[in-house]
Amino acid sequence: MDMFTSGARPARASFWSSPAITAALPWLVLAAIAVALPLYGSGYWGVIATRACVYWVLVAGLNLLVGFAGQLAIGWVALLTLGAYITAVLSAANVLPEVHPYLALAIAAIAGALFGVIVGLPALRLRTFYFAITTLGFATIVRQIALAWASVTGGGVGVPGPVFPPPFDSQWGFYYLCLGFAAICTWMTVNIANSRFGRALTAIRDAEVAAEASGIAKPRLLILVFLFSGATAAIAGGLFASLQSYITPDAFTTELSVLFFIGVLIGGRGSIIGPLLGTILLTVLPEFAAPLVAWSTFLYAVLLLVIVLVIPGGIAELLDFKNRKPLETHRALVPRPELLKRLLAQDDDPGTLTLEQVELHFGGVRAIDGLDLTILPGQVHGLIGPNGSGKTTTLNVISGYYNPQRGRAVLKDAVLTQLSHHRRAQLRIARTFQTPRIVGEASVIENVMIGGTIDGTGSFFESLFALPRHWQDEKKLHETAMLALSAVGLESLAGVRADRLQHSELRFVEIARALMLRPAFVLLDEPAAGLSVEEIRRLGALVVEMAKNGTGVLLVEHHADLIFDICDHVTVLNLGKKLAAGTPAEIRSHREVVSAYLGG
Ligand code: ADP
Ligand code: MG
């Protein structure tokens, strides 16, 4: 074991408490119950279990969209309807020559992927609730078309579902077919969840600004997920049509759509096994309460409320044994700056980062007013000034969160202000935030790995099927993240859920995440806020060491001592203008600055 990982794990864990076993155990139990079902279950339960598998094929994909990416796709039944009709109509041969059921299913999957993107596109522009409504609208449209286009779909009379060839034509045969699809979907979504793509999705959900600053391209990633969850939903539709033996538009109700959505929510965000259990629960529940079927939507809503109130993290939280162990209360943050050279070692010349006559106003407020700034590689540049003087806005202009109305930011020969966030991250500009932007439900190391997203080489497809490059990327990202965590002194908390950390620790998590970009320039927004005197001293040593390794640091800070101790150059802002600039010694003796801020 590497010296950096040794601290994270207990030296002598028993077999049953080892993390791999605790994680695999629920899966093994579920798989055993599912595979052995024909041995102890009646045909009646066979139908219910088949239905649960079919639903899960859809929910597995939807989970990436809702539980991971945080997109409120309530009307996903639209894709189920589409897949069901395409598979049924093609294999029924009522309008076109007969198509083999498997081929029909494959065609449905392709159509589902395309329509998934079409339904999903509004998500790139609309705010969450409007998007939710558009998906519901789409579900209604698809159902109305199925009803009206009687010559193809049979209208209200319907169309027979496909029958899959032996051995999948018997009841248990079909069950195993659906179980197989469910297992493959589970495997693929687990792969994505444990890849840079899955982590990027949670970053888009919970910390979009940090995702952008890490170079994550939201539109591209979401389109990939829409393709995937559209395809799986359509496949679920094909299986659903076969399970029903006959489909009419009545089968595709809004309640069904709500069931899928709530299955994800009660399962817990960012989990795979939670939503799987949620889906099983919601499929089985009505069987125990048959007289209440008419009330099912109401029951789902009550169940959702109860879960949200009692266990906000859903079923996944109940299974998260690892995060029940109390953390050590007096944890010291002891960074190891000497490790930075393994992270940062620059070989090429990063150039200088300059702002030229930048102006940015919000309505009448001139947040930055004609600012010139030059940040040199290998130096710590302090940016100070009273609250509201435009420090954070300056960082936002460099990282691309805001575009200035006038002036530009330049790095070497690239005009940053013309580039997307994505490209700025590729130019190795990293940042932290005044209020830490963290994915609270992800572990500390996952949060840090988000910072290295753009360094992966494998595609979404390669991660879906866990191909070699996926493993290489994961291994490298994990190692680098462990090194970054060791450098900031947090390696012992690597596996802990991030929202259990103290505020001061989260600041260091953000620094570790920024280090993942091997930054040529790093922008730190008040990293010392809320830290103890000792912690500030250690932070200072860490920042100095970053600069020694060639990184240019722009440090926004209120702690004058820290600024004067470690900066090579200091710029003082006031009302978006440069009030003074120079070495710490010059600033310390600058009359206006002293009278205004330093109380001397
Ligand atoms: P600092 O970081 O130095 O405390 P900021 O850069 O956050 O200051 O803010 C500079 C000025 O710009 C403040 O007057 C602030 O109110 C204003 N400002 C910043 N962001 C926005 C925004 N999104 N909309 C309107 N005003 C803003
Ligand atoms: Mg600020």
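It should be noted that the structure appears before, not after, this text.
Predicted model only: the values in this text are computed from it and were never measured.

Around ligand 1 lies a shell formed by F362, V365, A367, P386, N387, G388, S389, G390, K391, T392, T393 and Y402. G390 is positioned such that a nitrogen or oxygen atom in its backbone is 3.0 Å from an oxygen atom of ligand 1. Within the complex, the protein chains bury 64% of what would otherwise be the 560 Å² of accessible surface of ligand 1. Elements represented by at least two residues in the shell around ligand 1 include exactly β4 (365–375) and α17 (391–399). Here the residues of the shell around ligand 1 sort into five nonpolar, six polar and one charged.

Below, the discussion takes up the side chain of R199. Following the sequence through the fold, R199 ends up in helix α9 (residues 196–206). Ignoring sequence-local partners within four residues, the contact set of R199 consists of A193, N194, E446, M449, I450, E474 and L477.

Turning our eyes to something else, we now look at the pairing of β4. Consecutive side chains of a regular strand alternate in pointing toward one face of the sheet and then the other. In this structure, strand β3 (residues 353–362) lies alongside β4, joined through eight bridges in antiparallel fashion. The residue of β4 that forms the bridge with E359 is D369.

T392 (OG1) and Q434 (OE1) make up the full set of protein donors to the magnesium ion (ligand 2), lying at 2.0 to 2.3 Å. Here Q434 lies in the loop between β8 (429–431) and α19 (444–450) and T392 lies in helix α17, a separation of 42 residues in the sequence.

The next subject is the packing of helix α5 (residues 101–120) against helix α6 (residues 128–148). Across the interface, α5 lies against α6 with an axial gap of 10 Å and an inter-helix angle of 135 degrees. It follows that α5 is oblique to α6 by the angle criterion. Note on element contacts: α6 touches α5 through F131, T135 and F138, opposite F115, V119 and G120. Residue classes in the contact of α5 with α6 are distributed as four nonpolar, two polar and no charged.

Next up on the list: unusual backbone geometry. Going from P166 to P167, the amide bond is cis rather than trans, its omega being 5 degrees. Tracing the backbone shows P167 in the loop between β1 (159–160) and α8 (171–193). A positive phi is found at R428, a non-glycine position, where the angle reads about 70 degrees. Tracing the chain through its elements places R428 in the loop between α18 (421–426) and β8. Residue R428 is classed as buried on the basis of its relative accessible area, which comes to 18%. Unusually for a residue other than glycine, A466 sits at a positive phi of about 50 degrees. Secondary-structure assignment places A466 in the loop between α20 (460–464) and α21 (468–488).

This brings us to the sheet that holds strand β12 (residues 577–582). Overall, mixed pairing links the six strands, which are arranged β8-β9-β10-β5-β11-β12 in an open sheet. With one partner strand each, in any of the chains shown, β8 and β12 form the two edges of the open sheet. With strand direction ignored, the average angle separating the axes of adjacent strands in the sheet is 20 degrees. Contacting β5 (380–384), β9 (521–525) and β10 (552–556), helix α23 (residues 533–548) runs over the sheet at an angle of about 150 degrees to β10.

This part is about helix α11 (residues 218–244). When the terminal C-alpha atoms of α11 are compared, their 38 Å separation across 27 residues agrees well with the 39 Å that a helix rising 1.5 Å per residue should span. The buried count for α11 comes to 20 of 27 residues, which makes it a mostly enclosed element.

Here we take up the environment of A581. Its place among the elements puts A581 in strand β12. Sequence-wise, A581 and E526 are 55 residues apart; in three dimensions their C-alpha atoms are separated by 19 Å. Filtering out sequence-adjacent residues up to four positions away, A581 remains in contact with H569, V570, T571, E586 and I587.

Our next topic: α9. Burial analysis of α9 places ten of its eleven residues in the buried class, which makes it a mostly covered element. Every buried residue of α9 is accounted for by R196, F197, G198, R199, A200, L201, T202, A203, I204 and R205. One side-chain oxygen at the N-terminal end of α9 lies 3.1 Å from the backbone nitrogen of F197; it belongs to S195.

Here we come to the state of the cysteines. On inspection of all chains with the given rule, the structure shows zero disulfides. Here C178 stays free of any disulfide, with the sulfur of C53 as its closest cysteine sulfur at 6.3 Å. Looking at C178, the relative accessible area reads 0%, which means it is buried.

A word on the sheet that holds strand β6 (residues 406–411). Ordered by their spatial adjacency, four strands build an open sheet running β4-β3-β6-β7, and the pairing between neighbours is antiparallel. Among the strands making up the open sheet, the edge pair consists of β4 and β7 (414–415). In terms of strand pairing, β6 meets β7 through two bridges, oriented antiparallel. Bridge pairing links L411 to A414 in β7.

The rules behind each value
- Residues numbered from 1 in each chain as written.
- Chains lettered and ligands numbered in written order.
- Predicted model: local features only at pLDDT ≥ 70, side-chain atom pairs only at ≥ 80, totals over all residues.
- Heavy atoms only, no water.
- Near = heavy atom within 4 Å.
- Polar contact = N/O pair within 3.5 Å; in protein donor to acceptor, adjacent residues only side chain to side chain.
- Areas by Shrake-Rupley, 256 points an atom, 1.4 Å probe, with all protein chains shown as cover.
- Helix = DSSP H or I, 4+ residues; strand = E, 2+ residues; numbered from the N terminus.
- Nonpolar A, V, L, I, M, F, W, Y, C, P; charged D, E, K, R; others polar.
- Contact = heavy atoms within 4.5 Å.
- Pairing = 2+ DSSP bridges.
- Donors = N, O, S within 2.8 Å, 3.2 Å for Na, K, Ca; no water.
- Axes fitted to C-alpha atoms, helices over the stretch in contact; angles between N-to-C directions.
- Parallel < 35°, antiparallel > 145°, perpendicular 65-115°, else oblique.
- Buried < 20%, exposed > 50% of the residue type's maximum accessible area, 1.4 Å probe, protein only.
- Expected span 1.5 Å × (residues − 1).
- Disulfide = S-S within 2.5 Å.

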